[in-house]
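# Structural description and commentary
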Amino acid sequence: MIRLPVLPLCALLLAGCASHPAATDSTASAAAAPTAPAIDYDGATLSNLLVAEVAAQRQALDVTLGYYSQAASSTHDPKVVSQAAQLAYYLEDYPQALALSQQWLTLQPDNEEALDVAILSQISLKNPDAAASYLDRLMSTQGQDGLIRLVSQAQGLGTDGNLQLVKALAQLTDRYPDQAPLWYARALYEQQQENYQAALEADEKALDKMPDHEDALLLKAQLLYSLGESKKALRHLKKLVRKYPDARRPRISYIRMLLASGGTGEAEKQLNAMASRFPDDLDLQFSLALLALEAGADANAEAQLKTLLAKDYRPDDVRLYLAQAAEQRGDLAAATDYYLQVQGPHQLRAQVQAARLLYQQGQTAKAHAQLAALRARHPELAPGLLVSEAEMRNSHDDPQGAMALLNEGLSQYPDNTDLRYSRAMVAEKLDNLPLLEADLKHILKANPDDASALNALGYTLADRNLRLPEAEDYLRQALALRPRDPAILDSMGWLLYRQGKLDEARDYLRRAYEKFPDPEVAAHYSEVLWKVGAQNQARQVWRDTLQTNPDSPYITDLMQRLGAQL
């Protein structure tokens, strides 16, 4: 991306003042050296530049740009014009950036940074043909180096700007057929259009012209993978790793593709090799550990994280990831210990998760003490922490304990919507329909457009086959507020099923299942499918659900009730 120049404003001011030096031997001696003539800044210009400097120090960059633009127009000093042009582009004022870059090019026709600003401004203004004319100028003066630099800047643009930049570059392949960066840009453009074969052909031409073009070499592997040639892609990356053993990007790309392809063993070897090759680059080792953790190479990831922890590298972040790794492999005690050691900005989240794991381990008293201490330290978060603990108790078959916590919370915060909604859900589990209705209606009295409360009330009535017209009224209101919410679509489908409107029910439940195929929605959808005679389709829903949730009571209970088998 274009960077702001590092030349401080005071340097410009001093350059202007130098046009009135005192007559000394030293200045006379300095004058003997050939220099560009200094520009004589008048008082107004000096004042503008001083104001611009103060504004920049205060981060009021739009003010800085205004005064710079005035100084650029009055002085025609290339240093001032360049500052103004690059600042305008940085602030995304593309028309002004373009105008200033054109002024800059009038003063310095071959300046590569001026050409860059002009090219990128035209692209940002969606003028790719005009950008191509500046690209042509860049090619004639800077050649391949300028192109390589410019193509790399596509990474600093948004998706649209990236596409326009590479499209503009790709248009020049006919004019400059021997320029590898242009063929690489063409490959990028074809890749963005998902024309992977055409992209690979363009990339091969780039490599014919420049066999060591690292970006093109890495792109070749991506394109082969996209074309379904994963073995070829892996072989290609393996060759690159052997040819360039100290290059980081090829090895990281190889590791990523190995993990994506299920080659965990070889990926772990490469992770170890990279860690040993760059033992002092702790940032790299941390990134590699997270990559391994994400891909399921837990043992390797934990070993690297423990090494980093021993070196006191980002200890809180490392402990957080070690806790997550221990949790993934089922060592809840170790995970809890790591979570409890986390300090800093992640401490609260880590301690709540530690309490959750303590509940899972049956250490109820310890978990409750942990969360009570958090509420005392963070009274402003007390309602949310009470809701979290109630959910923990409820999910571990202690709805009475959850109810006690929520009652305590509502005695202190009677109008807290989260506490009241949570208590309504626990009341449903305890078959306390009057309390559920009272809490949800309390929420709706304060906010009649609370779609979650409308949905919960409507679904509860529909599921119990009670007051169906009233349930429909609640659900119609909820749907009007959130028409694409899968939970509300599921509720409406289930209500229609209760009303005997099977075809309408099937449509709502299908849409809910496609958006959110959880076991409860799958059970509702498949029951309606079964009832309308689409039994093979219902069985497929069961198979898909049981594949990811093999012990789901929603599906197994339904199959037993229907007397059905897979």
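Refer to the preceding data block for the structure.
Residues numbered from 1 in each chain as written. Predicted model: local features only at pLDDT ≥ 70, side-chain atom pairs only at ≥ 80, totals over all residues. Heavy atoms only, no water.

## Examining the environment of Asp 110
One can find Asp 110 in the loop between α6 (94–107) and α7 (112–124). Residues Asp 110 and Leu 138 lie 28 residues apart in sequence; the distance between their C-alpha atoms is 7.7 Å. (Helix = DSSP H or I, 4+ residues; strand = E, 2+ residues; numbered from the N terminus.)

## Details of the packing of aromatic side chains
Between two aromatic rings, the relevant description is the distance of the centres plus the angle of the planes. As enumerated under the stated definition, the model contains 6 aromatic pairs in all. Both rings, one in Tyr 89 and one in Tyr 94, keep their centres 5.3 Å apart while their planes meet at 55°; by these two values the pair is tilted. Members of the aromatic cluster, each reached through a chain of ring pairs, are Phe 286, Tyr 313 and Tyr 321. Cation over ring: Arg 248 sits above Phe 278, and NZ or CZ is 4.3 Å from the ring centre. (Phe/Tyr/Trp six-rings, centres within 6.5 Å; stacked < 30°, edge-to-face > 60°. Lys NZ or Arg CZ within 6 Å of the ring centre and 35° of its normal.)

## Concerning a positive patch on the surface
On the surface, Lys 231, Lys 232, Arg 235 and Lys 239 cluster together into a patch of positive charge. With respect to the secondary-structure elements, Arg 235 resides in helix α13 (residues 230–243). Look at Arg 235 and you get partly exposed, because its relative accessible area is 49%. (Patch = residues over 30% accessible without salt bridge, like charges linked within 9 Å, V, L, I, M, F, W, Y side chains within 5 Å. Areas by Shrake-Rupley, 256 points an atom, 1.4 Å probe, with all protein chains shown as cover. Salt bridge = Lys/Arg side-chain N within 4 Å of Asp/Glu carboxyl O. Lys, Arg positive; Asp, Glu negative; His and termini not counted. Charge placed at Lys NZ, Arg CZ, Asp CG, Glu CD. Buried < 20%, exposed > 50% of the residue type's maximum accessible area, 1.4 Å probe, protein only.)

## Some thoughts on the packing of helix α14 (residues 248–260) against helix α16 (residues 282–295)
Running from N to C, α14 and α16 cross one another at 15°; their axes reach a closest spacing of 10 Å. As the angle between them shows, α14 and α16 are arranged roughly parallel. In terms of crossing hand, the pair formed by α14 and α16 is right-handed. Between α14 and α16, the contacting residues are Arg 248, Ile 252, Ile 255, Arg 256 and Leu 259 on the first element and Leu 284, Leu 288, Leu 291 and Ala 295 on the second. Residues that form the contact of α14 with α16 fall into these classes: 7 nonpolar, no polar and 2 charged. (Axes fitted to C-alpha atoms, helices over the stretch in contact; angles between N-to-C directions. Parallel < 35°, antiparallel > 145°, perpendicular 65-115°, else oblique. Left-handed = near helix turned anticlockwise from the far one by under 90°. Contact = heavy atoms within 4.5 Å. Nonpolar A, V, L, I, M, F, W, Y, C, P; charged D, E, K, R; others polar.)

## Some details on the pattern of salt bridges
As enumerated under the stated definition, the model contains 28 salt bridges in all. When the shortest N-O distance is used, the salt bridge between Glu 214 and Arg 249 registers 2.8 Å. Of this pair, Glu 214 sits in helix α12 (residues 214–226) while Arg 249 sits in helix α14; the two residues are 35 residues apart in sequence, bridging distant segments of the chain. Glu 527 is paired through a salt bridge with Arg 561; the nearest N and O atoms lie 3.0 Å apart. Of the two residues, Glu 527 sits in helix α30 (residues 519–531) while Arg 561 sits in helix α32 (residues 553–562), which places them 34 residues apart along the sequence. Here Glu 527 falls in the buried class, since its relative accessible area comes to 5%. In the salt-bridge network here, residues are joined through shared partners; they are Arg 375, Glu 389, Arg 393 and Asp 398.

## Quick word on the packing of helix α22 (residues 382–395) against helix α23 (residues 399–412)
One can describe the packing of α22 onto α23 by two numbers: an axis separation of 7 Å at closest approach and a directional angle of 165°. When the axes of α22 and α23 are compared, the pair comes out roughly antiparallel. Our pair here, α22 against α23, has a crossing hand that is left-handed. Of α23, the residues touching α22 (which contributes Leu 386, Glu 389, Ala 390, Arg 393 and Asn 394) are Pro 399, Gly 401, Ala 402, Leu 405, Leu 406 and Gly 409. A class-by-class count of the residues in the contact of α22 with α23 yields 6 nonpolar, 3 polar and 2 charged.

## Observations concerning α22
An ideal rise of 1.5 Å per residue puts 20 Å on 14 residues; α22 measures up with 20 Å between its terminal C-alpha atoms. With 10 of 14 residues buried, α22 is to be regarded as a mostly interior element. Residues of α22 that are buried: Ala 382, Pro 383, Leu 385, Leu 386, Val 387, Glu 389, Ala 390, Met 392, Arg 393 and Asn 394. On its buried side, α22 packs onto α20 (347–360), α21 (364–377), α23 and α24 (417–429). (Expected span 1.5 Å × (residues − 1).)

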